[in-house]
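Summary of the model geometry
Here is how the chains run, residue by residue.
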Amino acid sequence: MSPHSPTRRWLFGDQLGPHFLDSDDQLVLLVESRRAFARRRFHRQKAHLVLSAIRHRAAELGDRCDFRSVGGYAEAVRGRSLSVCHPTTRGALAFVRGLPDVQVLPARGFATSMDEFAAWAAGRGARRLLMEDHYRTARRRLDVLMDGDEPAGGRWNFDDENREPPPKRPGRSRSGEPHTLGVPEPWWPAEDEIDEQVRADLDRWARDGDVAFIGRDGPRRFAATRAEARHVLDRFVAERLPFFGRYEDAMLADDAWMAHSLLSAPLNLGLLDPIEVVHRIEDAFRAGEVPIAAAEGAVRQIIGWRDYVWHLYWHLGPDYPARNVLRARQSLPDWFAELDADSVEARCLSGVLADLRDHGWVHHIPRLMVLGNYALQRGWQPAEVTDWFHRAFVDGYEWVMVANVVGMSQYADGGRITTKPYAAGGAYINRMSDYCGPCRYRPTVRVGDDACPFTAGYWAFLHRHRADLAGNHRMAQLLRGLDRLADLEPLLDQERRRGSAAP
């Protein structure tokens, strides 16, 4: 390609913010590919959000944008002189690199560049690539929440303050009244004529048999434009961030949103730059509007964990998604794959599946400690679990879910990025939520009709993988607990009979 050739910037559907362009008048190509939705069954609200965001961006750009709605990307891009920012999946990267007239630029939309992460990882040698170390390096380099050379507040990590269980229901509250965190509700975007057309198109495609979905349709809850995303950010910082850190790991049956930001979807669509988000959070802290624990907890998720899983997707190589060191072979059962919350009696699992079915989103603890925990205990295939998380969540992308599921949730990599499996029994869920009280199962019971499937499943998991985990010093005391279970044999028989049936 000649350096003087006129090129359009090809924007993928997760590159929709101004930071993916080089100027305010740059010409743009946006492609809407129906085939991308036909290959897999995505959550209906995820499909709506992605199409709405692409079409809103095309409308904003006006005459600068060549918007193509086609079957596949090749129809719109072959033979054209284009530039594109580094895509977010291996498949997309291979495709664009195979096009002779497309210039691939460095990745954007993350706080740490690929070169910076590679240099950091090379400096680690054979040591585990710990998120905490990456996060502190990023804080220093970006000068975020720093007082000179020291972290603001005198500590890098406020996790101890950010792991509180949910507040108890007030004693004088009326029976049947929803128990929420009591913070202002998130700001919800108003749908417009673009959303109306998206909904009509998705209905028509489904009727024609071109696509099929999981989950329920519903009002669009997540930002599809930069203006909406900035409004969500401003409202979160002003009204919800002060309560976020303290209760970020807690769950309430009547409050799916709690004090969470709902920024993951617009961030992963590229509508916001993570640097502007953490600067906005830091400004609120410096102004005395939010405590350091809340600000640090939010910053950690954005320039810490989010960047970390993006870079691990590339760093750990193309074979990493297939890792399965625990030899989990069971297929995802239909009730789980189809978000059939009504078939489940375990209140936490039913409630989380219902929230996911109705909204396409639950926060990180229901993902990890309810959905992922149950999949780990039951021995479901990690690749299937990863694909399901990708399709079922509005903020789910391949790069998001590989390290989160294969590494953290399913421990399928044998501890490359975590020090032990995230397996837990009903006691954890009882401590960190209000699900267990009215549940037909009891979190302290291992065997019998009222035995908690998480508690029994936890001990069955430890027994099944005792040899695999024996060399992990963090698991030694837990594994010794198996020897104290007088009811281990009936427990194992019970869980063999339960298998992957809806609990």
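Relevant structure appears above.
An account of the accompanying structure is given in this report.

Each value, and the rule that gives it
- Residues numbered from 1 in each chain as written.
- Predicted model: local features only at pLDDT ≥ 70, side-chain atom pairs only at ≥ 80, totals over all residues.
- Heavy atoms only, no water.
- Salt bridge = Lys/Arg side-chain N within 4 Å of Asp/Glu carboxyl O.
- Helix = DSSP H or I, 4+ residues; strand = E, 2+ residues; numbered from the N terminus.
- Buried < 20%, exposed > 50% of the residue type's maximum accessible area, 1.4 Å probe, protein only.
- Pairing = 2+ DSSP bridges.
- Right-handed = clockwise from strand over helix to strand, strands pointing away.
- Axes fitted to C-alpha atoms, helices over the stretch in contact; angles between N-to-C directions.
- Contact = heavy atoms within 4.5 Å.
- Parallel < 35°, antiparallel > 145°, perpendicular 65-115°, else oblique.
- Nonpolar A, V, L, I, M, F, W, Y, C, P; charged D, E, K, R; others polar.
- 1 Å grid on protein atoms, 1.4 Å probe; cavity = no way out; pocket = protein on both sides within 12 Å on 5 of 7 lines; lining within 4 Å.
- Points joined across faces, edges and corners; volume = space filled by probe spheres on them.
- Left-handed = near helix turned anticlockwise from the far one by under 90°.
- Arc of directions from axis to C-beta.

1. Quick notes on the pattern of salt bridges
On inspection of all chains with the given rule, the structure shows 44 salt bridges. When the shortest N-O distance is used, the salt bridge between Asp 210 and Arg 34 registers 3.1 Å. Within this pair, whereas Asp 210 is found in the loop between α7 (193-207) and α8 (226-244), its partner Arg 34 is found in helix α1 (residues 34-38), the two being separated by 176 residues in sequence. Bridged by salt links that share partners, the residues Arg 44, Glu 191, Arg 199, Asp 203 and Asp 217 form one connected network.

2. Some details on the pairing of strand β4 (residues 82-85)
Of the two faces of β4, both are covered, the one formed by Leu 82 and Val 84 as well as the one formed by Ser 83 and Cys 85. As judged from the three bridges shared by strand β1 (residues 8-11) and β4, these two strands associate in the parallel manner. Along β4, the bridge assignment pairs Trp 10 with Val 84. Where β4 meets strand β5 (residues 102-105), four bridges bridge the pair, whose relative direction is parallel. Counterpart to Ser 83 in the pairing with β5 is Gln 103. With helix α4 (residues 90-97) bridging β4 and its parallel neighbour β5, the resulting β-α-β unit is right-handed.

3. Focus: unusual backbone geometry
One non-glycine residue, Asp 143, adopts positive backbone phi at about 55 degrees. Here Asp 143 lies in the loop between α6 (131-142) and β6 (146-147). With a relative accessible area of 47%, Asp 143 lands in the partly exposed category. Its identity as a non-glycine residue notwithstanding, Leu 262 has a phi of 60 degrees, on the positive side. Take Leu 262: it is sitting in the loop between α8 and α9 (264-268). Accessibility expressed as a relative area gives 6% for Leu 262, which makes it buried.

4. Considering the sheet that holds β1
Strand pairing in a sheet takes place through backbone hydrogen bonds and is either antiparallel or parallel in direction. Taken in spatial order, the five strands line up as β3-β2-β1-β4-β5 in an open sheet, and their pairing is parallel. What marks the edges here is a single partner per strand, and that holds for β3 (65-70) and β5. Within the sheet, the average angular offset between the axes of one strand and its neighbour, ignoring direction, is 25 degrees. Here strand β2 (residues 28-33) pairs with β3 via six bridges, running parallel. By the bridge assignment, Ser 33 is partnered in β3 with Val 70. Sitting on the sheet, α4 is in contact with β1, β4 and β5, with an inclination near 140 degrees to β5.

5. Things to note about the packing of α8 against helix α11 (residues 292-315)
The N-to-C vectors of α8 and α11 enclose an angle of 95 degrees; their axes lie 7 Å apart at closest approach. If you check the angle between α8 and α11, you find them roughly perpendicular. When α8 is examined against α11, the residues Leu 241, Pro 242 and Phe 244 are found in contact with a partner set consisting of Ala 294, Gly 297, Ala 298 and Gln 301. For the contact of α8 with α11, a count of residues per class yields five nonpolar, two polar and no charged.

6. Concerning the layout of surface pockets
Of the voids in this model, the second largest pocket is the one considered here, and its volume is about 820 Å³. Along the walls of the second largest pocket sit 29 residues, with Phe 12, Ala 36, Arg 39, Tyr 73 and Thr 89 positioned nearest its centre. Looking at the lining of the second largest pocket, its residues break down into 14 nonpolar, eight polar and seven charged.

7. Considering the packing of helix α2 (residues 44-61) against α7
Any two packed helices are characterised by how steeply their axes cross, that is the angle between the axes, and by the distance between the axes. At a minimum axis distance of 9 Å, the contact between α2 and α7 shows a crossing angle of 135 degrees. With respect to their mutual orientation, α2 and α7 come out oblique. For the pair α2 and α7, the sense of crossing is right-handed. Two secondary-structure elements touch here, α2 through Arg 44, Ala 47, His 48, Leu 51, Ser 52, Arg 55, His 56 and Ala 59 and α7 through Ile 194, Asp 195, Gln 197, Val 198, Arg 199, Asp 201, Leu 202, Asp 203 and Trp 205. When grouped by side-chain class, the residues that make up the contact of α2 with α7 number seven nonpolar, four polar and six charged.

8. Considering empty space enclosed by the protein
For the structure on display, the rule yields six cavities of 30 Å³ or more. In this structure, the largest cavity occupies an estimated 100 Å³ of space. If you trace the largest cavity, you find 13 residues lining it, with Arg 347, Cys 348, Cys 436, Cys 439 and Cys 452 closest to the centre. Counting residues per element, the ones that place at least two in the lining of the largest cavity are α13 (347-359), α17 (426-432) and α18 (453-464). Its residues placed into classes, the lining of the largest cavity shows 11 nonpolar, one polar and one charged.

9. Description of α4
Turn by turn, an α-helix covers 3.6 residues, leaving residues three or four places apart pointing in a common direction. Residues of α4 that are buried include every one of Ala 92, Leu 93 and Val 96, and no others. Summarising the axial view, the buried residues of α4 lie within an arc of 100 degrees, below the 170-degree limit, and thus occupy one face. Structural note: α4 exposes Gly 91 and Ala 94 on the side pointing more than 90 degrees away from its buried face. On its buried side, α4 packs onto β1, β4, β5 and α11.

10. Here we look at the side chain of Gln 15
Tracing the backbone shows Gln 15 in the loop between β1 and β2. Residue classification places Gln 15 among the buried residues on the basis of a relative accessible area of 1%. Residues in contact with Gln 15, not counting those within four places in the same chain, are Trp 10, Phe 20, Val 84, Cys 85, His 86, Pro 87 and Leu 269.

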